[in-house]
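Each chain, written out:
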Amino acid sequence: MSDRYIFRYIIILVAIVSVLLSAAAMWLQPYQKRNELNEQRINILKAAGITDVDNKNAEQLFKQHCTDKHEGDMPYYVIDGSITVIPMRGNGLWGPIWGYIGLSEDHKTVVSAVFDHKSETPGLGAEITTDNYRNQYNGKPLDQKVDAIAGATRTSKGVEEMIERTLKLYLPYFENEQ
Amino acid sequence: MSNNLKLITAPLRKANPVTVLILGICSALAVTAKLKPAIVMALSVTVVTALSNLVISLLRKGIPAKIRIIVQLIVVATLVILVDQLLKAFMYDVSKQLSVFVGLIITNCIVMGRLEAFAMAHKPWESFLDGIGNGLGYGSILVIVAFVRELFGSGTLLGYQVIPQGLYDFGYVNNGLMILPPMALIIIGIIIWLQKPEEEK
């Protein structure tokens, strides 16, 4: 087989493959976008204490409960007219962690919170995503601490630091607004 | 016909890619903490091995020998990207749990191994069956391991509580070690140990 044949073969193959993949990407993108958006909606609702939500009813429930939406430098969401849900970003042991925290109307207690992570250790740091961990935040006064996860001190500290830093930024902002 | 049937049944036990050929161990450790992602992973690998075997077998006479590995990689990578995109669109929560491991099917030794060893030298239909057989052989081990790990690690199967609350009240505790990857290696080791004497007969 000549070099010319090899070149022609590979160019045609790659052309076919790229057309195929582009078509698939264009067809599937709207579905994927919606899934990502729904995940965000689910997390926001969960941080506001609404746990009975999944991919199917997320859009409808979110429209029903989310009464106010602030985007820009200081994004936050108001659920049912009283609960403020704030997005957070921080650092775990191996990589970024993030989540949402829901505050009561007077901004003095936590309603609930959700956390997620990029690459924390399964069974240890990754436990921050479990209901067992996040339920500790339900109804917790802001100054009270939660139990760290045994064996995952650095991830737990990361969550603590993330919440503290986010609230330091937002609480004065809310006070000024009122 | 019986020869074709053998293509599917042999990889299930006698020529099992995981327990006999010791291929694809990496993902077998990583995605078997829960049953549902393990099943989806098993199906994904089956689809990819079957279709890539089929495509490579159809192309086998035209593939220039000098670049055959590159051609195989292009075919496998295309199929894996398609599977990954479909999962992201229609099974989002599972695709999040499988994370990078769907993409890593590209490097799964079973897929490339079957292409080189079988599809390059056999007819399309036989290659397709061989791919199905090897995918199921891999998948069956995944499902067995995930079944044991989810049952004893979380007390659930497919997310439903199986071990009754009464047992927990008596002081039964889920085995946290089951959730960690080393336990998957031990379970695979036990399966190989159980299978070995049967093979030597």
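What comes next is a walk through the structure. (Residues numbered from 1 in each chain as written. Chains lettered and ligands numbered in written order. Predicted model: local features only at pLDDT ≥ 70, side-chain atom pairs only at ≥ 80, totals over all residues.)

1. Considerations on the interface of chain A and chain B
Part 1 of the argument: With 19 residues of chain A at the interface, the matching set in chain B holds 19 residues.
Part 2 of the argument: Taken together, the residues of the side of chain A that touches chain B sort by class into 15 nonpolar, four polar and no charged. (Contact = placed C-beta atoms within 7 Å. Nonpolar A, V, L, I, M, F, W, Y, C, P; charged D, E, K, R; others polar.)

2. What to know about the nonpolar core
Residue and element names in this part refer to chain B.
Part 1 of the argument: Membership of the largest hydrophobic core comes to 49 residues, with the highest contact counts inside it found for Met41, Val48, Leu142 and Val145.
Part 2 of the argument: Of all the elements in the fold, those that place two or more residues in this core are helix H3 (35-59), helix H4 (68-90), helix H7 (109-117), helix H8 (124-154) and helix H10 (181-200).
Part 3 of the argument: Of all the elements, H3 adds the most residues to this core, at twelve residues.
Part 4 of the argument: Those residues in contact with Met41 that sit more than four places away from it in its chain are Ser27, Val31, Leu98, Phe101 and Leu142. (Core = buried A, V, L, I, M, F, W, Y, C linked by C-beta atoms within 7 Å. Buried ≥ 20, exposed ≤ 12 C-beta atoms within 10 Å, placed from the backbone. Helix = DSSP H or I, 4+ residues; strand = E, 2+ residues; numbered from the N terminus.)

3. Notes on the pairing of strand E3 (residues 83-91) of chain A
Residue and element names in this part refer to chain A.
Part 1 of the argument: Where strand E2 (residues 76-79) meets E3, three bridges bridge the pair, whose relative direction is antiparallel. Along E3, the bridge assignment pairs Ile79 with Ile83.
Part 2 of the argument: Linking E2 back to E3 in an antiparallel pair, the connection comprises three residues, with Asp80 at a positive phi of about 55°.
Part 3 of the argument: Pairing geometry for E3 and strand E4 (residues 96-103), over eight bridges, is antiparallel. The partner of Ile86 across the bridge, within E4, is Ile101.
Part 4 of the argument: Between E3 and E4, which pair antiparallel and follow one another directly, the connecting turn spans four residues. (Pairing = 2+ DSSP bridges.)

4. Topic: helix H4 (residues 153-177) of chain A
Residues and elements named next belong to chain A.
Part 1 of the argument: Here H4 spans 36 Å end to end across 25 residues, near enough to the 36 Å set by a 1.5 Å rise per residue.
Part 2 of the argument: At Leu167, H4 is bent by approximately 25°, the largest bend along its length.
Part 3 of the argument: Residues of H4 that are buried: Thr155, Ser156, Gly158, Val159, Met162 and Ile163.
Part 4 of the argument: Those residues of H4 that are buried lie in contact with E3, E4 and strand E5 (110-117). (Expected span 1.5 Å × (residues − 1). Bend = angle between axes of the 7 residues up to and from the residue.)

5. A look at unusual backbone geometry
For residues besides glycine, phi is generally negative; the peptide bonds are generally trans as well.
Residue and element names in this part refer to chain A.
Part 1 of the argument: Positive phi values are uncommon outside glycine, yet Asp80 reaches one of about 55°.
Part 2 of the argument: Relative to the helices and strands, Asp80 resides in the loop between E2 and E3.
Part 3 of the argument: Asp80 sits in the partly exposed class, given 13 other C-beta atoms within 10 Å.

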